[in-house]
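Letter by letter, the chains look like this.
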Amino acid sequence: MAKYLDALDKKILRMIAEDARVPFLEVARACDVSGAAIHQRIQKLTRLGVLKGSQFIIDPEKIGYETCAYIGLNLRNPETFDKAVEELMNIPEVVECHYTTGDYDMFIKIYAQNNHHLLSIIHDSLQPLGLARSETIITFGSAFERQLPVTDILKG
């Protein structure tokens, strides 16, 4: 995909990766093009799937979700992957789901209000998916979170 990006695309990506709320006109000035040109480039990058939208990030702890856990899931019947994913999408506390290699069929990230709430989600929502087994890892906190360092990848 990077071969379809020109120098202007890369400069735009570097700027918005640093600050997603930077005004298009500020980006335009820095790139020495019109605001309309930046708007068109952003639309192109979105259409290509390079940009996947923008959003405000809610701090789960601030709204009462104090427990974060990662859970490795093994299904009794791997042919039920699609159905399991559909069901996982219906559990609002599950915020990520990945197909994986190794010990698990899938790996999910989940937020719960507390450990008791986490247990009820595991028992009431995850077990009915037809799990052979699962392993839960509760996090104490995130050391850091970041996006891929666009400035290093898109030089030039």
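Note that the structure is predicted; figures quoted are calculated from it, not measured.

**Remarks on the environment of Tyr 104**
Okay, so step 1: Looking at the secondary structure, you find Tyr 104 in the loop between strand 2 (94-99) and strand 3 (106-112).
Okay, so step 2: The spacing of Tyr 104 and Asp 59 is 45 residues in sequence and 28 Å in space, taken between C-alpha atoms.
Okay, so step 3: Here the side chain of Tyr 104 touches Glu 135 through a polar contact of 2.3 Å, side chain to side chain.

**Regarding the confidence of the model for the chain**
Okay, so step 1: For the chain, per-residue confidence averages 91 on the pLDDT scale, and 94% of positions sit at 70 or higher.
Okay, so step 2: Highest mean pLDDT in the chain belongs to helix 5 (residues 115-126) (98); lowest belongs to helix 6 (residues 150-153) (58).

**Considering the sheet that holds strand 4 (residues 131-139)**
Where strands meet in a sheet, backbone hydrogen bonds hold them as pairs that are either parallel or antiparallel.
Okay, so step 1: With antiparallel pairing, four strands are arranged side by side in an open sheet as 2-3-1-4. The open sheet terminates on both sides in strands that have one partner only, identified here as strand 2 and strand 4. Geometrically, the sheet is characterised by an average inter-axis angle of 20° between neighbouring strands, direction not taken into account.
Okay, so step 2: Looking at chain direction, strand 2 and strand 3 are connected through five bridges and run antiparallel. Counterpart to Cys 97 in the pairing with strand 3 is Ile 108.
Okay, so step 3: Across the sheet, helix 4 (residues 81-89) lies against strand 1 (67-75), strand 2 and strand 3, angled at about 165° from strand 2, the strand it touches most.

Rules and cut-offs
- Residues numbered from 1 in each chain as written.
- Predicted model: local features only at pLDDT ≥ 70, side-chain atom pairs only at ≥ 80, totals over all residues.
- Heavy atoms only, no water.
- Helix = DSSP H or I, 4+ residues; strand = E, 2+ residues; numbered from the N terminus.
- Polar contact = N/O pair within 3.5 Å; in protein donor to acceptor, adjacent residues only side chain to side chain.
- pLDDT = per-residue confidence, 0-100.
- Pairing = 2+ DSSP bridges.
- Axes fitted to C-alpha atoms, helices over the stretch in contact; angles between N-to-C directions.
- Contact = heavy atoms within 4.5 Å.

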